[in-house]
Amino acid sequence: MTRLTIRGVVIYQGFLDRAGQETVRDAIGDVLQSAPLFEPVTPRGKKMSVRMSAAGQYGWVTDRKGYRYEPQHPQGQAWPAIPNCLQEVWEQVSGCARPPECCLINHYAAGARMGLHQDRDEADFTCPVVSVSLGDDALFRIGNTTRGGPTQSVWLSSGDVAVMGGDARLIYHGIDRTRAGSSTLLPQGGRINLTMRVVT
Ligand code: MD3
Ligand code: FE
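Figured I'd write up the structure that's included with this text. (Residues numbered from 1 in each chain as written. Chains lettered and ligands numbered in written order. Predicted model: local features only at pLDDT ≥ 70, side-chain atom pairs only at ≥ 80, totals over all residues. Heavy atoms only, no water.)

1. Some details on helix α2 (residues 84–93)
- Taken residue by residue, α2 has Cys85, Leu86, Val89, Trp90 and Val93 as its buried positions. Taken end-on, α2 shows its buried residues confined to a sector of 150°, consistent with a single buried face. Facing away from the buried side of α2, by more than 90 degrees, are the exposed residues Asn84 and Glu91.
- Where α2 is buried, its residues touch β2 (9–13), α1 (18–34), β6 (102–108), β8 (129–135), β11 (161–164) and β13 (191–197). (Buried < 20%, exposed > 50% of the residue type's maximum accessible area, 1.4 Å probe, protein only. Helix = DSSP H or I, 4+ residues; strand = E, 2+ residues; numbered from the N terminus. Arc of directions from axis to C-beta. Contact = heavy atoms within 4.5 Å.)

Pasting the structure below:
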């Protein structure tokens, strides 16, 4: 495993071996059986290219009414619990005494991307965000705590874990593109990113 720090973002390359990735993949497959991926729409009505779902007490949703955390899936059911294998990752890397309240699931089919943004819908920015990447490689762009300025990019691969804490918690970040076909983990291809957060 290699650990690197870029602008305060700590990246553990190869944190999960293949068996660990398969365990998380299968657990998320179960979550998605009861909380299917949906197509989020921005408050201005633009479809996002990433499909989403969540596990935990809260899921992050966006629609014409705005961005927010909700205790239920858009179809009305409570979100499934965060799988133990992911809670263990949180305990190993977050350095946070509180457990995660949300595991956001982002699914990238070929061509999907996520523009530069800050994560600031949570109440306590002293808690980090922990990200687990599965499937295809993704080009992750790391900016600054204010809009604009130079950015740095790094490829995230299946099994990599990234921790955004301290000053990095409010950094602008995004996914420019994925490399279709770069991983055999997901039977249908594509990429899944899991981000665990404390919401309240
Ligand atoms: C840096 N997800 O869900 S994960 C997101 O790969 C999000 O799906 C991307 O940005 C993805 O909000 C990037 C890495 C990540 C997640 C949260 C962060 C980086 C972050 C929060 C603060 C700073
Ligand atoms: Fe984000």
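2. Description of α1
- For α1, with 17 residues, the first-to-last C-alpha span of 25 Å sits near the 24 Å given by 1.5 Å per residue.
- Along α1, the residues classified as buried are Gly20, Gln21, Val24, Ala27, Ile28, Val31 and Leu32. The arc that holds the buried residues of α1, viewed along the axis, is 145°, so those residues lie on one side. For α1, the exposed residues set more than 90 degrees away from the buried face come down to Asp30 and Gln33.
- Structurally, α1 contributes buried residues whose contacts are with β3 (51–56), α2, β6, β8 and β13. (Expected span 1.5 Å × (residues − 1).)

3. Thoughts on the pattern of salt bridges
- Following the criterion strictly, the structure yields twelve salt bridges and no others.
- For Asp26, the salt bridge goes to Arg25, with nearest N and O atoms at 3.0 Å.
- We classify Arg25 as partly exposed; its relative accessible area is 23%. (Salt bridge = Lys/Arg side-chain N within 4 Å of Asp/Glu carboxyl O.)

4. Things to note about the side chain of Gln21
- Take Gln21: it is sitting in helix α1.
- For Gln21, a relative accessible area of 8% gives the class buried.
- Only 2.9 Å separates the side chain of Gln21 from the backbone oxygen of Leu16, close enough to count as a polar contact.
- Residues contacting Gln21, with those up to four places away along its chain left out, are Leu16, Leu134, Ser158, Gly159 and Leu185. (Polar contact = N/O pair within 3.5 Å; in protein donor to acceptor, adjacent residues only side chain to side chain.)

5. Quick notes on the coordination of the iron ion (ligand 2)
- Coordination sphere of the iron ion (ligand 2), protein contribution only: His117 (NE2), Asp119 (OD) and His173 (NE2), at 2.0 to 2.2 Å.
- Sequence spacing of the donor residues for the iron ion (ligand 2), all on one chain, is H-x1-D-x53-H.
- Judged by relative accessible area, which is 22%, His117 ranks as partly exposed. (Donors = N, O, S within 2.8 Å, 3.2 Å for Na, K, Ca; no water.)

6. Quick look at the site of ligand 1
- Around ligand 1 there are 19 residues in total, and Asn106, Tyr108, Met164, His173 and Arg191 lie nearest to it.
- Asn106 is positioned such that a nitrogen or oxygen atom in its side chain is 2.9 Å from an oxygen atom of ligand 1.
- Within the side chain of Asp119, one N or O atom sits 3.1 Å away from an oxygen atom of ligand 1.
- Bound to the protein, ligand 1 loses 98% of the 500 Å² it would expose on its own.
- Listing elements by their share of the shell around ligand 1, those giving two or more residues are β6, β7 (114–117), β8, β12 (173–178) and β13.
- In the shell around ligand 1, the residues fall into nine nonpolar, six polar and four charged. (Near = heavy atom within 4 Å. Areas by Shrake-Rupley, 256 points an atom, 1.4 Å probe, with all protein chains shown as cover. Nonpolar A, V, L, I, M, F, W, Y, C, P; charged D, E, K, R; others polar.)

7. Details of the sheet that holds strand β10 (residues 152–156)
- On the basis of which strands lie adjacent, the open sheet formed by four strands has the order β7-β12-β9-β10 and antiparallel pairing. Each end of this open sheet is capped by a strand with a single partner; those strands are β7 and β10. Adjacent strand axes in the sheet meet at a mean angle of 25°, parallel and antiparallel pairs treated alike.
- Here strand β9 (residues 138–142) runs beside β12; their pairing, made up of five bridges, is antiparallel. (Pairing = 2+ DSSP bridges. Axes fitted to C-alpha atoms, helices over the stretch in contact; angles between N-to-C directions.)

8. Observations concerning the packing of aromatic side chains
- Within this structure, the stated rule accounts for two aromatic pairs.
- Here the guanidinium or amino end of Arg179 rests over the ring plane of Trp155, the centre of that ring lying 3.8 Å away.
- Arg191 extends its terminal NZ or CZ atom over the ring of Tyr108, reaching a point 5.0 Å from the ring centre. (Phe/Tyr/Trp six-rings, centres within 6.5 Å; stacked < 30°, edge-to-face > 60°. Lys NZ or Arg CZ within 6 Å of the ring centre and 35° of its normal.)

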